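Okay, here's what each chain looks like letter by letter:
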Amino acid sequence: MNPPGDLERGVEAALFAAEKPMTAEQLSAHLQGADVREALASLREHYEGRGVQLVQRGRTWHFETASDLAHLLRREREEVRRLSRAATEVLAIVAYHEPVSRAEIEAIRGVQTAKGTLDVLMEAGWVRVVGRREVPGRPVIYATTPDFLVHFGLASRKELPGIDELRAAGLLDPVDDEMIVAALAGDDADEDATEIDDEDDVGLADGDESA
Amino acid sequence: MNPPGDLERGVEAALFAAEKPMTAEQLSAHLQGADVREALASLREHYEGRGVQLVQRGRTWHFETASDLAHLLRREREEVRRLSRAATEVLAIVAYHEPVSRAEIEAIRGVQTAKGTLDVLMEAGWVRVVGRREVPGRPVIYATTPDFLVHFGLASRKELPGIDELRAAGLLDPVDDEMIVAALAGDDADEDATEIDDEDDVGLADGDESA
Amino acid sequence: MTMDLVPDPETVSAFEDWDAPLAAPGDDAALYLEVDGWEGPLDLLLDLARRQKVDLRQISILQLVDQYIVYIERAEALRLELAADYLVMAAWLAYLKSALLLPKDEQEDPSPEELALRLQLRLQRLGAMREAAARLMGRDRLGRDVFTRGAPEGLRIDRKNAWQCEWFDLVHAYGQVQMRNQPAVHMVRERMVMTLESALARVSSMLGVALDWIELRDFLPTGREGTDWSDPRLRRSALASSFVATLELARIGKAQLAQEVTFGPLRVRAVKT
């Protein structure tokens, strides 16, 4: 390979550093008025087949990355993110009650649902808009997608456990069940404190009579 | 001239397209995890003597124009703002002594360093806080950034002009606390640095008499 | 590299041309003219040392001290207001000089030679950094001497979120929602108590048959007919109710109460009418 001449190097550097494509005249002005045409031709040849090419568009010249490599200049990065608790609740409500409107979701959750929450579920591909409810205001209604079933390994929504099953699995017990038991224990109460309570009045009455 | 391989073309294109210098790992991530080291070495060789060069600065790589062409490319509007003398001195001290605390910088310079001076260097992206020294007061310590190497065209701090000679001459030895106190006091006073200002007048009176 | 530095009024001075004389604040103009914009006494000393035109390692400290003091004295003669640290340095140098010239017998620690050496080292350090700074600034700098690509296409990284949620979390979340929606039932547990009415009836009936003082505790029921009176909570309730009942009987003049010592046994008897 022949080492490039000073002029060619100058043109190469100037085009590389330029913020906009340059005409031969502009380049020439940068390079003490030298005739840059030959240098441009030689540079173009040099860059042929490389990852970067010297291209001419109309009267201007510039470097650009080879078009067959465009796919390398983009990269997709997946970030694994856990669904927030609120989003999980909304997803569950959609799954159990679909199709539902946002107002219905809010009514069931008892709290306002941020718009972003449904967006996240739609981005995840688990929820989609399936139409509008024919009531005043025509609210948008949501349902789960086939992807939802795939992700959760369900053949159909019918496989979601029913309320009775949830209760049997202890999923409907109060969260702080244990704490209540602990509190009662701390009070010296036996487990069947409630039964005794029912008999209090009777007991007292008995006492009165026995007196 | 051998036509470049696909990997080399990919690295070339990615580095041309990149807005910032890239590490080998970042390049690799763009290129399906390929090992890019050989391609980088071969590219660097290819660009040797051309108007554009492939350079390594710290852990990152980028293309830049050949420095001998500076006279052709130097822009009329100065993009690199000139630093004050204080700022250049502080920058040199950080670079040659890093990591250093502000008190150590002041010990070397013999004057207080305006807060703004370090801020300017941090804003320029050349200096950053790298932690605290585990001594009383836990002073913040500063060091240079990868951008510093990029801007000043250094492959690593080892390339800082004259650093080996300065080290050999003991001029880069850590500045011990005693020295700092001495420096700030302007003499060998054993008071705390903070108290010295208040006592300046006293010192002055003494000085006048003894002189 | 393009540096987009927005000058902030406080820091803008750091970007002056460093070859130019330092901007002189109006009031101290004379001083700054005189001391030529030195950054402190060490800076001035370094400049004087350089005027000796020898390697900084070989400068004569005594000569340097003299030069400095002459300098400061001249400034004073011109009635220039010198910054305090210049004068402190002058004082210290004067002391150093006299110590260096004094006979060696009653030398303090550190010795004046040691101090002189330290001063020399400090001048060397500062000199070295100043030189290093100049060399650094003189390098081929990006954006001034060398340039990166002017119009890079840019590398794009498209971020995509891979949302994760487990079956259990889903079902559990639904359970939580359902739980929240169940009507809340608040239950106040009833305690085993002896009501005031029954205590009143019991105490007055028992007083009717008693002739002498009786301790209040003896009024409490002991029987196990239907109710477990040994339950300590129930006994506490019965005692409290009986006490209140006795007070009420005393108020209406049907009973007398006596307690000999604080917290001692409470005794009750009927008022004979």
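Residues numbered from 1 in each chain as written. Chains lettered and ligands numbered in written order. Predicted model: local features only at pLDDT ≥ 70, side-chain atom pairs only at ≥ 80, totals over all residues. Heavy atoms only, no water.

1. A few points about the overall build of chain C
Working step 1: For chain C, the helix and strand inventory stands at eight helices and four strands.
Working step 2: Going residue by residue from the N terminus, the α and β elements of chain C occur as α-α-α-α-α-β-α-α-β-α-β-β.
Working step 3: In chain C, buried positions account for 43% of the 273 residues.
Working step 4: Accessible surface, chain C: about 15,400 Å² in total, of which carbon and sulfur atoms supply 54%. (Helix = DSSP H or I, 4+ residues; strand = E, 2+ residues; numbered from the N terminus. Buried < 20%, exposed > 50% of the residue type's maximum accessible area, 1.4 Å probe, protein only. Areas by Shrake-Rupley, 256 points an atom, 1.4 Å probe, with all protein chains shown as cover.)

2. Considering the confidence of the model for chain C
All names here are of chain C.
Working step 1: Across chain C, pLDDT averages 77, with 79% of residues at or above 70.
Working step 2: Element-level mean pLDDT values for chain C span from 42 in helix α1 (residues 29-35) up to 90 in helix α5 (residues 112-137).
Working step 3: Note that pLDDT drops below 50 for residues 1-34; the model gives that stretch 63 contacts with residues more than four away or on any other chain.
Working step 4: Confidence estimates for the predicted assembly give a pTM of 0.59 and an ipTM of 0.63. (pLDDT = per-residue confidence, 0-100. Contact = heavy atoms within 4.5 Å.)

3. Some thoughts on unusual backbone geometry
Working step 1: Residue P99 of chain A is bonded to the preceding E98 of chain A through a cis peptide linkage, with omega at -5°.
Working step 2: Tracing the chain through its elements places P99 of chain A in the loop between α4 (85-97) and β5 (100-101).
Working step 3: Even without a glycine there, the phi angle at Q32 of chain B is positive, about 55°.
Working step 4: The topology assignment puts Q32 of chain B in the loop between α2 (24-30) and α3 (37-47).
Working step 5: A positive phi angle, near 65°, is found at F263 of chain C, a position not held by glycine.
Working step 6: Inspection of the secondary structure assignment puts F263 of chain C in the loop between β3 (255-259) and β4 (266-270).

4. A word on a nonpolar patch on the surface
Residue and element names in this part refer to chain C.
Working step 1: On the surface, a cluster of nonpolar side chains totalling about 300 Å² of accessible area is made up of L196, F243, V244 and L247.
Working step 2: Among the elements that line the nonpolar patch, the one with the most residues is helix α8 (residues 232-251), at three residues.
Working step 3: With respect to the secondary-structure elements, L247 resides in helix α8.
Working step 4: L247 sits in the partly exposed class, given a relative accessible area of 39%. (Patch = residues over 30% accessible without salt bridge, like charges linked within 9 Å, V, L, I, M, F, W, Y side chains within 5 Å. Salt bridge = Lys/Arg side-chain N within 4 Å of Asp/Glu carboxyl O.)

5. Some points on the sheet that holds β5 of chain A
All names here are of chain A.
Working step 1: Sheet architecture is open: three strands sit in the order β5-β7-β6, paired in antiparallel fashion. If you trace the sheet from one side to the other, it starts and ends with β5 and β6 (127-132), each paired once.
Working step 2: Lying over the sheet, helix α6 (residues 115-123) contacts β6 and β7 (140-144), oriented at roughly 110° with respect to β6. (Pairing = 2+ DSSP bridges. Axes fitted to C-alpha atoms, helices over the stretch in contact; angles between N-to-C directions.)

6. Concerning the packing of helix α7 (residues 196-209) of chain C against α8 of chain C
Residues and elements named next belong to chain C.
Working step 1: At their nearest, the axes of α7 and α8 sit 8 Å apart, and the two run at 60° to each other. As α7 runs across α8, the sense of the crossing is right-handed. Note on element contacts: α8 touches α7 through S241, S242, V244, A245, T246, E248 and L249, opposite L196, A199, L200, V203, S204 and L207.
Working step 2: Across the contact of α7 with α8, the residue classes tally to eight nonpolar, four polar and one charged. (Left-handed = near helix turned anticlockwise from the far one by under 90°. Nonpolar A, V, L, I, M, F, W, Y, C, P; charged D, E, K, R; others polar.)

7. Side note on the nonpolar core
Working step 1: If you look at the biggest cluster of nonpolar residues, it comprises 50 residues, and the most contacted ones within it are V11, L15 and L40 of chain A together with V11, L15 and L40 of chain B.
Working step 2: Formed by 34 residues, the second largest nonpolar core is a distinct cluster that contains L91, L118, A124 and L154 of chain B. (Core = buried A, V, L, I, M, F, W, Y, C linked by side-chain atoms within 4.5 Å.)

8. Some thoughts on helix α1 (residues 6-17) of chain B
Residues spaced three or four apart along an α-helix face the same direction, because each turn holds 3.6 residues.
Working step 1: Taking 1.5 Å per residue, twelve residues should reach 16 Å; α1 of chain B reaches 16 Å between its end C-alpha atoms and fits that length.
Working step 2: With ten of twelve residues buried, α1 of chain B is to be regarded as a mostly interior element. (Expected span 1.5 Å × (residues − 1).)

9. What about the interface of chain B and chain A?
Working step 1: Of the residues lining the interface, 32 residues belong to chain B; the matching set on chain A comes to 30 residues.
Working step 2: Summing both partners gives a buried area of about 2,700 Å² for chain B against chain A, and 57% of it is carried by carbon and sulfur.
Working step 3: Scanning the region where chain B abuts chain A turns up six salt bridges.
Working step 4: There are 16 residue pairs in polar contact (both at pLDDT 80 or more) connecting chain B and chain A.
Working step 5: Among the elements of the structure, α1, α2, α3, β3 (60-65) and α4 (70-73) of chain B are those that each provide at least two residues to the side of chain B that touches chain A.
Working step 6: Taken together, the residues of the side of chain B that touches chain A sort by class into 16 nonpolar, seven polar and nine charged. (Buried area = accessible area lost by both parts, 1.4 Å probe. Polar contact = N/O pair within 3.5 Å; in protein donor to acceptor, adjacent residues only side chain to side chain.)

10. Focus on the sheet that holds strand β1 (residues 22-23) of chain B
Working step 1: As summarised here, the arrangement of the three strands in space is β1-β3-β2 (chain B), forming an open sheet in which the pairing is antiparallel. Of all the strands in the sheet, just β1 and β2 (52-57) of chain B have a single pairing partner and so form its edges.
Working step 2: Taken together, the two bridges between β1 of chain B and β3 of chain B define a ladder with antiparallel strand orientation. Residue M22 of chain B lies in a different strand from β3 of chain B, and its bridge partner there is W61 of chain B.
Working step 3: In the packing of helix α1 (residues 6-17) of chain A onto the sheet, the strands contacted are β2 and β3 of chain B, and the crossing angle to β3 of chain B comes to about 120°.
Working step 4: Packed on one face of the sheet, α3 of chain B meets β2 and β3 of chain B and runs near 140° to β2 of chain B.

11. What about the pattern of salt bridges?
Working step 1: Inspection of every chain in the model, using the stated rule, returns 39 salt bridges over all chains.
Working step 2: Between R57 of chain C and D55 of chain C there is a salt bridge, and its shortest N-O distance comes to 2.8 Å.
Working step 3: Put simply, E248 of chain C and R251 of chain C hold a salt bridge, and the shortest N to O gap is 2.9 Å. Here R251 of chain C and E248 of chain C lie together in helix α8, a separation of three residues that amounts to about one turn.
Working step 4: Here the salt bridges share partners, and the residues they tie into one network are R85, E89 and R109 of chain B together with E39, D43 and R130 of chain C.

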